[in-house]
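Fold and geometry: a report
Given next are the chains, with one letter for each unit.
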Amino acid sequence: MSNSKREVLMKKVEHHLRTTSRQLIKINTEDEVLQYLADSFRSELYCDFVGVVLSEGDHFIPKAWSGNIPTVLRHFPLLATSCSSKLLRQSLTYKTSASTSHCRLTKILKEENVKTWFTVPLNDDIHHFGFCIVGFLSYVPLLEMESHFEEFGKDMAVALSVARQKENQLKKLEGIEWISKNQSLDSSLDQHFSEVTYRAGNSTNADFACMYLYNEKENCFVLQKPVYGEMEYLDRIMIEDNYALKEYFPFLEATECAQMTVPLLIDLKPIGVLHVQNKYERPFTKEDLKILEMLSTHVATLLENARLYKSEKDNKNRLHFLLDFQQSLVKKTVEDDDFEGITLKLSDLFQETVILYDRFMRPITFNLRNGDSDYMLPDNLASQANKTRQTLNKQEKFTVIHPEKNDCVFSFWVINGGGNLLGYLSVCNTASEMNEFDQLTVEMARNICSIQFIKQKLVLDTKEQVKDSFISKLLVEKIEDQESIIQYANLFQWDIFKCHRVAVLTISLDENDLLEQQAKKVLIWDAIKSHLAKFDHRILTVSHDENYILLIPVDDEDIQSKKYWKNLYHNIEKWSLEVFRDCKVLLGIGSSTDKMPDYYVSYQQALLSLNVIKIRMKHISFSLYEDLGAYTILHYLDQSNAVNLFLKSQLDPLLTYTENKNIDLYHTLYVFLQNNGNIKSTSDELFIHRSSLLYRLEKVESLLNVDLNDAEIRFNLMMAFKLYDMNGERLKKS
């Protein structure tokens, strides 16, 4: 070739290299840069093939190829260590192949009968990307343009670096655009996960990408399918004693490695990882890490949104369910007068034992689950719950451990209505702690139970008012409308023509506040009434003239025995003390009735018995009228002025003296008469000296102008004391 032709050709090639360099800078993607380079070289140099080979990890990988020489291409990828290290630093040709005879690439070209070839290194001052190889199947004279081609290689390395930066920026922009378009939860999470793994693999040019999410219940990381690419992976990664994330993912946030993992965080708590990996040890860059971090933030946000969305949806469904549940409970209160439907529905809902107690901790109704019936739960729990309730005072909720099953815990809720304690709702909660919806359900059930209690109370109060009216007409000296009384008795299914005793009950409390005292008395009386209904359903109870009345049938021989009355009183006392420990109950019992007017007589006898117990017989707490002795005769004395005059002549001087002095001569005389005039017994009972007693007795004789040794005088004084016991309060008012 003549020099002139050579010069023209060199200028043409040099011009092509400069033009190509300028054109490469304008291209945005790495693949386009490489392919443009291969195609332009082949068309300009009329070569048989052009290949662009990049170094990735330990291998040389062909990234662009132009020409039909597949026999050469099939030998790739090549181990970098099997090829000459000069490929990345300087241009090589077939002429210099002798010095690189150990090079695997040189041997391949020779084996495939490539007669003429040369390489151009693609590197700049920092990176060695790879090399470009140009080949001819025939001998072609090479121009001496190594310096031009090496300079072009540097330009191409810069273009390649710029293209990669542009491509990363485009991937970031595409990722941001994709994330902004995929915040919706209309698609399933699986579809989102599939797209994320694809984006992770594609954006980082990874061969494999996958996502693991933490399963707290099984304590392991679970692979989320589908994955991007093909590579061996574990479906589950079990967590051992060590909870450090890097223990299971050693390439956590690592760059310059062929694997990289970024955590998925929600409120700084790891919920999973996003993992990418390459086959040929191509390292990931900091730009790749930023892309993965952006995707991981998106996934974490998506999962948190999905959790919140599902939670909101579940909450909405639960609220709808609670409204339906409330309607069904209200319907039960309309259809039924009891609580069985309410406890059954609650038990079905919680799949646990549910017990409803009254305010005295007695089971009203219950629904047992899981074999709890073997333990008689309602009765066994009552005493334990009572102790706990008294300890915790006025708390709205408390828990009780079953006395026979330590793993069985019951939660108790107080049921209130109108400021009053109505009962207790108990639910077994051994399975787990109640969530907010379970607690809301319980609150709803408490309100429904409260309504049912109030409804029952209104019915009972109405009956009590009718009963009061009925008793007011019965317990009078002269009955005016017997027919009306009989109708009332039929209403309460009470046989008024059977023999009954009228008993009067009083309740006393050590309480100064009258309002508080009255409220406590009502509670005690309600407890007594409730227990009496179970003790003997035939007993009629009613409040009358600030007294508590019991109408007790006495047609059975057992009831007429003193043992029955003793047992009845002790039960009433026990029931009262269960409500308040500082209360005292007294019971006066009238004689048996034969006809309707006898009820008034029996009532008056019961009042007399009660009055005598209060004033004179403090050592006993109940008494039948017939056990009062002389009081039963004195009761029938005419309440005339003669009685008043007799009492004043016998006792008035003593009462007047006692009021004005510190010495109680009235009580001293009473004790003296009760001890049959025995000086020693009287002084012992009064805890005074014999001489003091004699002085007092002399004073009594002086005031009354009597001789206490006279039996007739003693009789008159004893009768006066008994009359005063019966009429003293009336006389004080007169």
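See the structure above.
To keep things clear, this report deals only with the structure shown in the data block. Just so it is clear, the structure is predicted and the values come from calculations on it, not from any experiment.

Analysis parameters
Residues numbered from 1 in each chain as written. Predicted model: local features only at pLDDT ≥ 70, side-chain atom pairs only at ≥ 80, totals over all residues. Heavy atoms only, no water. Helix = DSSP H or I, 4+ residues; strand = E, 2+ residues; numbered from the N terminus. Buried < 20%, exposed > 50% of the residue type's maximum accessible area, 1.4 Å probe, protein only. Contact = heavy atoms within 4.5 Å. Areas by Shrake-Rupley, 256 points an atom, 1.4 Å probe, with all protein chains shown as cover. Pairing = 2+ DSSP bridges. Axes fitted to C-alpha atoms, helices over the stretch in contact; angles between N-to-C directions. Core = buried A, V, L, I, M, F, W, Y, C linked by side-chain atoms within 4.5 Å. Salt bridge = Lys/Arg side-chain N within 4 Å of Asp/Glu carboxyl O. Arc of directions from axis to C-beta. Parallel < 35°, antiparallel > 145°, perpendicular 65-115°, else oblique. Nonpolar A, V, L, I, M, F, W, Y, C, P; charged D, E, K, R; others polar. Left-handed = near helix turned anticlockwise from the far one by under 90°. Phe/Tyr/Trp six-rings, centres within 6.5 Å; stacked < 30°, edge-to-face > 60°.

Focus: the overall build of the protein chain
Secondary structure assignment for the protein chain yields 21 helices and 20 strands. Looking at the protein chain residue by residue over its 734 residues, the buried ones come to 46%. Put simply, of all contacts in the protein chain between residues at least 6 apart along the chain, 59% involve residues at least 24 apart. Of the roughly 39,500 Å² that the protein chain leaves accessible, carbon and sulfur atoms contribute 50%.

Observations regarding the sheet that holds strand S12 (residues 363-367)
Here five strands make up an open sheet; going across it, the order is S12-S11-S15-S14-S13 and the pairing antiparallel. Where the open sheet ends on each side, the last strands, each with one partner, are S12 and strand S13 (397-401). Each adjacent strand pair in this sheet contributes to an overall mean axis angle of 20°, direction not counted. For strand S11 (residues 354-358) and S12, the ladder comprises four bridges, and the chain directions are antiparallel. Among the inter-strand pairings, Leu-356 is bridged to a residue of S12, identified as Thr-365. Strands in contact with helix H10 (residues 436-474) are S11, S12, strand S14 (409-417) and strand S15 (420-428); relative to S14, the strand with the most contacts, it is inclined by about 50°.

Brief notes about the nonpolar core
Ranked by internal contacts, the top residues of the largest apolar core, which has 25 residues, are Leu-505, Ile-528, Leu-550, Ile-552, Trp-565 and Ile-572. For this core, the secondary structure elements donating two or more residues are strand S16 (500-509), helix H12 (514-535), strand S18 (547-553), helix H14 (562-579) and strand S19 (583-592). The biggest single contributor to this core is H14, with six residues. Setting aside residues up to four positions removed in sequence, Leu-550 forms contacts with Arg-501, Val-502, Ala-503, Leu-505, Trp-525, Leu-532, Ile-539, Leu-540, Thr-541 and Ile-572.

Some remarks on the pairing of strand S4 (residues 116-123)
Along S4, eight of the eight residues are buried, which leaves the element largely enclosed by surrounding structure. Pairing geometry for S4 and strand S5 (residues 128-136), over eight bridges, is antiparallel. Looking across to S5, one finds that Thr-119 is bridged to Ile-133.

Here we look at helix H11 (residues 482-491)
Within H11, burial applies to Ser-484, Ile-485, Ile-486 and Ala-489. Where H11 is buried, its residues touch H10. Just past H11, the residue Gln-493 takes up positive phi, approximately 55°.

Focus: the pattern of salt bridges
In total, this model carries ten salt bridges according to the counting rule given. Measuring nitrogen to oxygen at the nearest pair gives 3.6 Å for the salt bridge that ties Lys-595 to Asp-598.

Quick notes on the side chain of Thr-506
Relative to the helices and strands, Thr-506 resides in strand S16. The contact partners of Thr-506, leaving out residues within four places of it in the chain, are Asn-547, Lys-584, Val-585, Leu-586, Leu-610 and Lys-614.

Describing helix H4 (residues 104-111)
By the burial criterion, the buried members of H4 are Leu-105, Thr-106, Ile-108 and Leu-109. Buried residues of H4 fall within an arc of 160° about the axis and therefore sit on the same side. Summarising the contacts, the buried residues of H4 are in contact with strand S1 (49-56), helix H3 (70-73), strand S3 (78-79), S4 and S5. Where H4 ends, the next residue or the one after it, Asn-113, has phi of about 60°, a positive value.

Regarding the environment of Leu-550
With respect to the secondary-structure elements, Leu-550 resides in strand S18. By relative accessible area, Leu-550 is classed as buried at 0%. Linking Leu-550 and Ile-589, residues 39 residues apart in sequence, is a C-alpha distance of 9.0 Å.

A look at the packing of helix H18 (residues 665-674) against helix H20 (residues 690-704)
The geometry of H18 relative to H20 is characterised by a closest axis approach of 10 Å and an angle of 105° between their N-to-C directions. Classified by the interaxial angle, the pair formed by H18 and H20 is roughly perpendicular. Where H18 approaches H20, its residues Leu-665, Thr-668, Leu-669 and Phe-672 are matched on the opposing element by Leu-693, Arg-696, Leu-697, Lys-699, Val-700, Leu-703 and Leu-704. In terms of residue class, the contact of H18 with H20 is made up of eight nonpolar, one polar and two charged.

Here we look at the packing of H18 against helix H19 (residues 679-686)
Axis separation between H18 and H19 bottoms out at 9 Å; the angle between their running directions is 135°. On the basis of the axis angle, H18 is oblique to H19. As for the relative orientation of H18 and H19, their crossing is right-handed in sense. Contacts from His-667, Thr-668, Val-671 and Phe-672 of H18 reach H19 at Ile-679, Thr-682, Glu-685 and Leu-686. Of the residues in the contact of H18 with H19, the class split is four nonpolar, three polar and one charged.

Considering the packing of aromatic side chains
Counted under the stated rule, the structure contains 17 aromatic pairs. Each ring, one from Phe-535 and one from Tyr-564, has its centre 6.3 Å from the other, and the planes form 40°; the classification is tilted. Here Tyr-564 lies in helix H14 and Phe-535 lies in helix H12, a separation of 29 residues in the sequence. The exposure class of Phe-535 is partly exposed, given its relative accessible area of 28%. Pairwise contacts between aromatic rings join Tyr-212, Tyr-214, Phe-221 and Phe-249 into one cluster.

A short note on the environment of Asn-611
Residue placement: Asn-611 occurs in helix H15 (residues 598-615). Asn-611 sits in the partly exposed class, given a relative accessible area of 21%. As for Asn-611 and Asp-725, which are separated by 114 residues in sequence, their C-alpha atoms are 7.6 Å apart.

Details of the sheet that holds S3
Taking strand neighbours across the sheet as the criterion, the five strands line up as S3-S2-S1-S5-S4 in an open arrangement whose pairing is antiparallel. Each end of this open sheet is capped by a strand with a single partner; those strands are S3 and S4.

Focus on the environment of Phe-350
Looking at where Phe-350 falls in the secondary structure, it is placed in helix H8 (residues 340-350). According to the relative accessible area criterion, Phe-350 is buried, its value standing at 15%. For the pair Phe-350 and Thr-441, spaced 91 residues apart in the sequence, the C-alpha separation amounts to 9.7 Å. Beyond its immediate chain neighbours, meaning those up to four positions away, Phe-350 contacts Val-427, Met-434, Asp-438, Thr-441 and Val-442.

Observations regarding the pairing of S14
When you tally the buried positions in S14, you get seven out of nine residues, the bulk of the element. Pairing analysis gives five bridges linking S13 to S14, with the strands arranged antiparallel. The partner of Lys-397 across the bridge, within S14, is Trp-413. Here S14 runs beside S15; their pairing, made up of eight bridges, is antiparallel. For Ser-411, the partnering residue across the bridge sits in S15 and is Val-427.

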